[in-house]
Amino acid sequence: MKRLAALTLLAGILLLNSGSAQDRNPTPPGPTAAKLLRTHYAVRHADPLTLAEVVGTHFKGDATLIAAPSGSGSAVLISGTPATVSEVVKLLEQLDKKPRTVEVEITLAELPMKKDGKELTAVELATAEALVKDGKGQRVKLVAVEGREVMSQIGGNRPIVSSSVVAGGFGKGGNPPVAQRSINYQPVGMTVKMTPRIGADNAVTVELSVQESRVRQAEANDEVGAATIENNTLSTKLNILAGRSVIAQSVRSETKAGAIVSVIILTAKVVDDHPTTSGP
């Protein structure tokens, strides 16, 4: 009996020591999930859907951004930790700026090719502006909001002599020969599409597309006497520094009178107000 009591006392002491050890080394608690903050950002100028997509991709995995449904107001819904939401809002404020407008002037003129066949110098190319003032060229002025495409069309249908034949005058005493011409109406003119983007120091990058159709009259010694249609197409991307001009294209075409150089010159400047109309 005494032996049984001793064993019971020993077991109690061992249990007591085990509990004390567990108290001294408690199991660390699991990580507590950070509390999410849900808010919204009121968009003032930019497109809410674009902002949500761009910034949401940048913070992918850390925050969720959703553009508010159309008709419910321009806003971006944000969900994330308070620290992340603060960063998201700061970036949205930086991107949500009032878009500026850009004025681009396009000058088109024809210059005679130099006899030595060399490229025209900058001074000679500058004479294109003088040719435009004298009515020997075209000038198109476009005003567009940065990042948005604008288009201008100039021209219309013009009668074109497609062929010329001589009829009559056959046999003795016949009618005198008469020139008969076939005339068709062809669309001629120019279509300009432009998308400007503003960079550092107000430099303007222009995505430009120009399609031009013009009538090339028949040469004086051309027996047929029919005019021809010339089509020129330009698609390019140009970086224009503030106050500078850039030559977009120099196209050579051969005529019986000599080679001709078609020159396209661009100038661009950033303006503050928004355009109401655009065109030549």
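The structure contained in this document is the topic of the report that follows.

Cut-offs and rules
- Every chain is numbered independently, its residues counted from 1 as its sequence is written.
- Restriction of local features to residues with pLDDT of at least 70 applies here, the model being predicted, together with a cutoff of 80 or more for giving and counting side-chain atom pairs; totals for whole chains, interfaces and linings are based on all residues.
- Values shown for side chains rest on all heavy atoms present in the structure; no hydrogens or waters enter the calculation.
- By convention a nonpolar core is built from buried Ala, Val, Leu, Ile, Met, Phe, Trp, Tyr and Cys residues, the set being connected through side-chain atoms within 4.5 Å.
- Only protein chains enter the calculation, and the probe is 1.4 Å; a residue is then buried if its accessible area is under 20% of its type maximum, exposed if over 50%, and partly exposed in between.
- For this analysis, residues touch if any pair of their heavy atoms sits within 4.5 Å.
- When a carboxyl oxygen of Asp or Glu is within 4 Å of a side-chain nitrogen of Lys or Arg, the pair counts as a salt bridge.
- Only runs of H or I of at least four residues qualify as helices and only runs of E of at least two qualify as strands under DSSP, and these elements are numbered from the N terminus.
- Cavity means a closed set of points on a 1 Å grid over the protein atoms alone, one where a 1.4 Å probe fits but cannot get out, pocket means an open set with protein on both sides within 12 Å along at least 5 of 7 lines, and lining means a residue has an atom within 4 Å of a point.
- Grid points are joined across faces, edges and corners, and a volume is the space filled by probe spheres set on the points.
- Ten residues, namely Ala, Val, Leu, Ile, Met, Phe, Trp, Tyr, Cys and Pro, are considered nonpolar, four, namely Asp, Glu, Lys and Arg, are considered charged, and the remaining ones, Gly among them, are considered polar.
- Pairing between strands is defined by DSSP: at least two bridges between the two strands are required.
- An arc is given here, and it is the one of the directions from the helix axis to the C-beta atoms.

A closer look at the nonpolar core
Thought 1: Judged by nonpolar contacts, the single largest core of 24 residues is most densely connected at Val-104, Ile-106, Met-194, Val-206, Leu-208 and Leu-266.
Thought 2: Residue contacts for Leu-266: discarding those within four places in its chain leaves Val-104, Glu-105, Ile-106, Val-206, Leu-208, Leu-238, Ile-240, Arg-244, Ser-245, Val-246 and Ala-248.
Thought 3: In terms of nonpolar packing, the next biggest core, distinct from the first, is built from 14 residues, Val-55, Leu-65, Val-76 and Val-88 among them.

Some thoughts on the pattern of salt bridges
Thought 1: Tallied over the full model, the rule gives 5 salt bridges.
Thought 2: Arg-44 is the salt-bridge partner of Asp-96, the closest N and O atoms lying 3.6 Å from each other. Here Asp-96, found in the loop between helix H3 (82-95) and strand S4 (101-112), pairs with Arg-44, found in the loop between strand S1 (37-42) and helix H2 (48-58); they are 52 residues apart in sequence, far enough to count as distant.
Thought 3: Its relative accessible area of 2% is what places Asp-96 among the buried residues.
Thought 4: Among the residues examined, Arg-44 registers a relative accessible area of 57% and is labelled exposed.

With respect to the layout of surface pockets
Thought 1: Estimates place the volume of the largest pocket at around 480 Å³.
Thought 2: What lines the largest pocket is a set of 19 residues, and nearest its centre among them are Ala-46, Leu-95, Lys-97, Pro-99 and Glu-146.
Thought 3: Elements with a minimum of two residues in the lining of the largest pocket: H2, H3 and strand S7 (178-198).
Thought 4: Among the residues making up the lining of the largest pocket, the classes are represented as 8 nonpolar, 4 polar and 7 charged.

Details of the pairing of strand S2 (residues 63-67)
Thought 1: Burial of the side chains of S2 is restricted to one face: Ala-63, Leu-65 and Ala-67 are buried, whereas none of Thr-64 and Ile-66 on the reverse face is.
Thought 2: Here 5 bridges tie S2 to strand S3 (residues 75-80), and the two strands are oriented antiparallel to one another. In the strand pairing of S3, Ala-67 is matched with Val-76.

Some points on H2
Thought 1: Within H2, burial applies to Pro-48, Leu-51, Ala-52, Val-55 and Gly-56. Around the axis of H2, the buried residues are gathered within 110 degrees of arc, so they sit on the same side. Away from its buried face, by an angle of more than 90 degrees, H2 presents the exposed residues Thr-57 and His-58.
Thought 2: In the core, the buried residues of H2 are packed alongside S2, S3 and H3.

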